[in-house]
Amino acid sequence: MNPSTLLARVAVDELARCGVRDVVLCPGSRNAPLSLALDTADADGRLRLHVRLDERGAGFLALGLALRSGLPVAVVCTSGTAVANLHPAVLEAAHAGVPLLLLTADRPADLVGTGASQTVVQRGIFGDALRLEAVLSAEGTRPEAWRATVVRAVAAARGTLSGDPGPVQLDVPLREPLLPPPGDDGAFPPGRPAGRPWSEVHTARVALPPLRLDPALPTLVVAGDGAEGRDAPADVPVVAEPSSTLWGSAVRTGPWLLGAALSGAAPELLPRQLVVLGRPTLHRAVQRALADERIRVFAVPPADRPWWNDTRSSVVQVGSLPPSPWGEKAFAARWRQADAAVQRALDASLDVDPVGGMRLARELVRAVPTGGLLVVGPSSPIRDVALAAAPRPDLTVLSNRGVAGIDGVVSTAVGAALAHGADGGGPAVALLGDVTLLHDAGGLLAGPREPRPDLTIVVANDDGGSVFTLLEQGAPEHARSFERVFGTPHGADLAALCAAFRVGHRHLADLAQLREALGRPGLNVVEVPVDRTGRRAGHAALRARVEEAAGVAGEVGVR
């Protein structure tokens, strides 16, 4: 057996022993030994292989699989620019703490810098985004050392010892011959008995002391992406982002109420203590609260990450959540009363609104069946869900919030849906904008032998980037330039695009049909037209109605 084939089989065998159950592969020449070993492992039922044509989409497919399963997922590619195309997924995994394992085939070291085809300097290509970078070389190395390196890589991706999961790169220089000799039986070399990994690595955890909170002060919890636990304190209101595990028990109109409190429309709702869980990024009201000198800010780090959120440099203490009770009960009662009033105002406004993004988000969250998975795209969709939908504890909600880009979201949703289905979960649904879909249209493509999810991608199509209408550049004084450089209308035919990839497509103008449209098997796109012409004015009017309702409720609550 030649060295490249032996290394590939040892590496793949050890990945399976370490609990890696999904691997995404892009075709290439230099990674041929790994490709053949992975295909054999898939045929033997030791792992599940997913083949994709595009490395950028493959990286995000692997990220989606890992995001939903919580397990390390490997992605394998050939050398050169193929490796560079993984960079967006690596950055998202690094900032979101997702265990991603890259096996990047490479030319032997003596060919780097010589003008050899498809050869670049691959070490260091991902900068400081990696949790571990190592070389897995067949030259002068024993199989035991290869296995030990794979174990270290999987442990680093999991964050087993560091408490900091994320992306890991194993650069794999492979020298010809790259294919096994004729008559080779394809058998994997033996490892530890009973399928055990070469080294067993135990998890390390650090317990922090509880925060010293004043139980007499009005207290609010803000839960962002990466927040731990599903149970919110009964005596403290929670403002949670949809991708937080606390969203299901959060105050539905929490972002609106906090904004009203900070603006002075509802001063009775202003907290004096703010406990931050995870990494909140969605709401400007939260960022203003973190910087407000009237509010003392406390932080609880995620259990598996060695950092805490402190974007405004305002945290006075870092620790764990103390036992309840630890907040003023009258404050929680005022928030509940205001939430009920604002929900009525919000729903009344959305009921008379045409099919807009916020109304679509509300109806979609209502329609997803119990036990379902909802993957929400960046920009408008995740904010529309946060501002309009009623939180549901019976759903799993995921979103790429590490860097919050529109890269690879279709592939992320497909990966998450595949992992959700493998775990016996309910149906999977994604809510994306049209630009996000177009940015990763290749994520719809998969060969006829590849595992396919039951996933409905609902696309809010407003023909461009309407989220910018809500920002400073959407002001009237920028109207001349807005459409071309921010609104970016594209006129794309999504039905034709789906037909090209042989993906189901349905145009939906009546939201009453939404629930039925989510029940189809396979991969399908449901396109919902959204009018963006009056979004800025409509959002301002809605905020005014909400703040008025919050202010009235707050005044009643303190009488």
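Residues numbered from 1 in each chain as written. Predicted model: local features only at pLDDT ≥ 70, side-chain atom pairs only at ≥ 80, totals over all residues. Heavy atoms only, no water.

1. What about the overall build of the protein?
Threshold: Secondary structure elements follow DSSP: runs of H or I no shorter than four residues count as helices, runs of E no shorter than two count as strands, and numbering proceeds from the N terminus. Both definitions apply: the radius of gyration is a C-alpha atom measure, and the globule rule equals 2.2 Å times residues to the power 0.38. Partly exposed residues are those whose accessible area sits between 20% and 50% of the maximum for their type, while under 20% is buried and over 50% is exposed, using a 1.4 Å probe and protein chains only. Residue contacts are defined here by distance: any two heavy atoms, one from each residue, within 4.5 Å place the two residues in contact. Residues scored as positive are Lys and Arg, those scored as negative are Asp and Glu, and His as well as the terminal groups of each chain are ignored. To locate a charge, take NZ of a lysine, CZ of an arginine, CG of an aspartate or CD of a glutamate.
Along the backbone of the protein there are 17 helices and 17 strands. For the protein, whose C-alpha radius of gyration is 25 Å, the value lies close to the compact-globule estimate of 24 Å for 559 residues. Referenced to the eigenvectors of the C-alpha coordinate spread, the extents of the protein come out at roughly 85 × 55 × 45 Å. Counting all 559 residues of the protein, 55% fall into the buried class. Counting only contacts in the protein whose residues sit at least 6 apart along the sequence, the fraction spanning at least 24 positions is 76%. When the 55 basic and 59 acidic side-chain charges of the protein are each reduced to a single mean position, those positions are 2 Å apart.

2. Overview of unusual backbone geometry
Between Glu 176 and the following residue, Pro 177, the backbone shows a cis peptide bond with an omega angle of 5°. Residue placement: Pro 177 occurs in the loop between strand E6 (167–173) and strand E7 (219–223). In the Ramachandran plot, Gln 118 falls in the positive-phi region, its phi being about 55° despite a non-glycine side chain. Classification of Gln 118 by relative accessible area gives partly exposed; the value is 46%. Phi is positive for Ala 194, which is not a glycine, with a value near 60°.

3. Side note on the sheet that holds strand E17 (residues 523–529)
This is how it is decided: Whether two strands pair depends on DSSP finding at least two bridges between them. Note on method: axes are straight lines fitted to C-alpha atoms, helices fitted across the in-contact stretch only, with angles between N-to-C directions ranging 0 to 180 degrees.
Strand order in the open sheet formed by six strands is E13-E12-E14-E15-E17-E16, and the pairing between neighbours is parallel. Single-partner strands in this sheet number two, and they are strand E13 (396–398) and strand E16 (504–507). Between one strand axis and the next, the sheet turns through 20° on average, direction left out of account. Pairing between strand E12 (residues 373–376) and E13: three bridges, direction parallel. Across the sheet, Leu 373 pairs through a bridge with Thr 396, a residue of E13. Across the sheet, helix H10 (residues 357–367) is in contact with E12, strand E14 (428–433), strand E15 (455–461) and E17; its angle to E14 comes to roughly 175°.

4. Examining the nonpolar core
Quick note on the threshold: Each nonpolar core is a collection of buried residues, namely Ala, Val, Leu, Ile, Met, Phe, Trp, Tyr and Cys, held together in the definition by side-chain atoms within 4.5 Å.
Counting residues in hydrophobic clusters, the biggest one holds 51 residues, and the most contacted among them are Leu 444, Leu 455 and Ile 457. Take this core: its biggest share by element is eight residues, from helix H12 (residues 409–422). The contact partners of Leu 444, leaving out residues within four places of it in the chain, are Val 410, Leu 437, Ile 457, Phe 501, Val 503, Leu 523 and Val 525. Listed in part, the 43 residues of the second largest apolar core include Ala 250, Leu 282, Ala 361 and Ala 389.

5. Some thoughts on the pattern of salt bridges
The line we're drawing: The working definition used for a salt bridge is a side-chain nitrogen of Lys or Arg within 4 Å of a carboxyl oxygen of Asp or Glu.
All chains considered together, the criterion is met by 25 salt bridges. Of the charged contacts, one joins Asp 13 and Arg 17 as a salt bridge, the two residues approaching to 2.7 Å between their closest N and O atoms. Here Asp 13 pairs with Arg 17, and both are found in helix H1 (residues 3–17), just four residues apart, close to one helical turn. Across the pair, exposure class does not vary: Asp 13 and Arg 17 are buried alike. Residue Arg 21 pairs with Asp 423 through a salt bridge whose shortest N-O separation is 2.8 Å. Remark: Asp 423 occurs in the loop between H12 and E14 and Arg 21 occurs in the loop between H1 and strand E1 (22–25); sequence separation between them is 402 residues.

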